[in-house]
Amino acid sequence: MEYIADTERYGKMKYRRCGNTGLFLPIISLGLWQNFGKETSIEIQKQKLHKAFDLGITHFDLANNYGLPANGSAEENFGKILKDGFGKYRDEMVISTKAGFPMWDGPYGDWGSRKYLISSLDQSLKRMRLDYVDIFYHHRPDPGTPLEETMTALADIVRQGKALYIGISNYEEIETKKSIEILSELKVPCLVNQIRYNFIERWPEEDLFDILGSSGVGCICYSPLAQGLLTNKYLSEIPEDSRAARTGTSIAERYFNDKNMLIVKNLNEVAVARGQSLAQMALSWVLRKDEITSVLIGASKVIQIEDNVSILNHLDFTEDEIDTIENILKTDDDI
Ligand code: NDP
């Protein structure tokens, strides 16, 4: 049956201006890193994208290498779904992709050279069957390539009309400042930095948020649920249908330890007392900061998208709640 979007969708979401640009993003964006490759049926993928759009999520985040277990399969699947009726809403969507991690063999399929970035975006556009993306990101800083080369390639991509805006991802403070300066000189301003930020990974609070805020650059936070750790699903066991139970995922290695499990248990009690799930509280907490434009979630099931969007009814925190959370997050490493 032909997909027709919910006509009430824009009333179901809040939108924040991305830095001081003209672009608004939904406070919740959907990422296609996992659950949109070959491990999930295209039918389920379609249902998730349609539900997200029906709930006012207009921003879909991809990268050249997304899609387990095959690089590029998320973009291919997204292209098929666009062609199959979803694409008629193209002008109401912000579609992003990235390059920067290993993508193909040889010296031109990785990092930040002009050669890699321009070829990779051309491939991504073909896979997604698009003429342009809204945001093209350099996915991670490249210590070997002059920043000027990478930033000039990004600016040229905008001038060629293959991307409307430029983003950087995983750039720390100094690299962020320099990139913003170079892009500003090139008259193609940096739109956004996309970084990992959640209850247990808080390095951007040191300086990065201030740098972005004072430069008028937006901020998108990925893995706000620490890939699912910051939900109540792992409190007693590893469910069979969870990311931690799937091969080729990094959640267990990255996050599972006694300290984090104790933090999760204690945070869950705060969430219950607030009348929210832990996942909902984790997303609301990231969004408490004005510098943050959007939280970028992943989802294996339609219901997770619905659950997460319902935070719109309860984004605020009392001072007591914030203090209690801060104390929980101070849990020692040697518990
Ligand atoms: P999250 O931290 O949101 O983790 C997503 C996982 O959490 C889901 O797959 C699901 O796990 C679980 N989940 C989500 N909602 C709920 C819920 N309401 N209740 C219970 N469980 C829930 O984000 P990701 O780590 O997946 O990253 C999100 C996006 O960020 C990516 O798709 C990508 O677009 C971007 N990203 C960018 C990176 C970069 O370098 N720029 C790096 C990593 C991600 P389960 O499968 O167990 O159900």
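Residues numbered from 1 in each chain as written. Predicted model: local features only at pLDDT ≥ 70, side-chain atom pairs only at ≥ 80, totals over all residues.

Description of unusual backbone geometry
Positioned with a positive phi, Lys187 is a non-glycine residue whose angle comes to about 65°. Tracing the backbone through its elements, the reader meets Lys187 in the loop between helix 5 (173-185) and strand 8 (190-196). According to the C-beta neighbour criterion, Lys187 is exposed, with 9 such atoms within 10 Å. For Gln227, which is not a glycine, the phi torsion comes out positive at approximately 65°. Along the chain, Gln227 turns up in the loop between strand 9 (218-222) and helix 7 (251-255). (Helix = DSSP H or I, 4+ residues; strand = E, 2+ residues; numbered from the N terminus. Buried ≥ 20, exposed ≤ 12 C-beta atoms within 10 Å, placed from the backbone.)

Structural notes on the nonpolar core
Ranked by internal contacts, the top residues of the largest apolar core, which has 87 residues, are Ile135, Phe136, Ile166, Cys221, Ala282, Val286 and Val295. Other than its neighbours up to four places away in sequence, Val286 contacts Tyr197, Asn198, Cys221, Pro224, Ile292 and Val295. (Core = buried A, V, L, I, M, F, W, Y, C linked by C-beta atoms within 7 Å. Contact = placed C-beta atoms within 7 Å.)

What about the site of the ligand?
If you check the shell around the ligand, you find 30 residues, and the closest are Gly31, Trp33, Tyr222, Leu225 and Gly298. Of all the secondary-structure elements, those providing two or more residues to the shell around the ligand are strand 10 (294-297) and helix 10 (302-309). The leading source of residues in the shell around the ligand is helix 10, at 3 residues. In terms of residue class, the shell around the ligand is made up of 10 nonpolar, 16 polar and 4 charged. (Near = placed C-beta within 6 Å. Nonpolar A, V, L, I, M, F, W, Y, C, P; charged D, E, K, R; others polar.)

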